[in-house]
Amino acid sequence: MDDRSKHDHSGWEGVVRAARERARSRQALMVERFGLSGDVQYQWSMDDAQITWSRSGTVFLTGRLTLIGSVSVPQQSWLWSWANESLPPAVLGDIEQVRQFGEENGYPVLPWPGFDYHPELVAEARMVAASVLDAEGLWAESTDDLQLHFLVHDLTLTAA
């Protein structure tokens, strides 16, 4: 039997709805609580899965990143980080749990290694991943050819 025939669409919609609400409130809280607007600079690294935010050259916040997946703009495709063998292990975090959640609950988009790029489907995948892994926020980095989608965890204020 094809996985797609077992998909519980109403169940998926409920999971997405709850994840979307969770992501919106967590994202707003993260930006407000840590002052992540205005003149804020950031640096990040996939090698050690770290991100830092600073103002006027002084770091005030650190966090851990989990790469959810990437969008190839020229190919118009999504690739889950767990299916990308070229990534440093640190940036994968617990992303395997998202794939397992999809398998266990019959939500095929989560255990598929990739899929055709549809902005709404990518948004749903990101928000469900944030919910499954209890992320504090979502973050993205884009170039002309690539979008990288991350979860943000373990935010810690640094002493000034």
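Residues numbered from 1 in each chain as written. Predicted model: local features only at pLDDT ≥ 70, side-chain atom pairs only at ≥ 80, totals over all residues. Heavy atoms only, no water.

Caption draft 1: Spatial organisation of the nonpolar core. By size, the foremost hydrophobic cluster in this structure holds 25 residues, and its most contacted members are I68, W80 and L110. Considering each element in turn, this core owes the most residues, six residues, to helix α3 (residues 119–132). Discounting residues that sit within four places of it in the chain, W80 has contacts with I68, G69, V98, V109, L110, W112, P113, G114, F115, A125 and A129. Membership of the second largest hydrophobic core comes to 18 residues, among which are F60, L61, L67 and L148. (Core = buried A, V, L, I, M, F, W, Y, C linked by side-chain atoms within 4.5 Å. Buried < 20%, exposed > 50% of the residue type's maximum accessible area, 1.4 Å probe, protein only. Helix = DSSP H or I, 4+ residues; strand = E, 2+ residues; numbered from the N terminus. Contact = heavy atoms within 4.5 Å.)

Caption draft 2: Just helix α2 (residues 96–105), in detail. Regarding α2, the residues found buried are V98, R99 and G102. Down the axis of α2, the buried set is contained in an arc of 100°. They therefore lie on one face. In α2, the exposed residues that point more than 90 degrees away from the buried face are E103 and E104. Contacts made by the buried residues of α2 are with β4 (77–80) and α3. Immediately downstream of α2, the backbone of G106 shows phi near 70°, a positive value. (Arc of directions from axis to C-beta.)

Caption draft 3: How the structure looks around the pairing of strand β1 (residues 41–45). The pairing of β1 with strand β2 (residues 50–55) spans five bridges and is antiparallel. Opposite Q41, over in β2, you have S54 as the bridge partner. Between β1 and β2, which follow one another and run antiparallel, lie four residues, and A49 among them has a positive phi close to 60°. (Pairing = 2+ DSSP bridges.)

In short, geometric facts, not functional conclusions.
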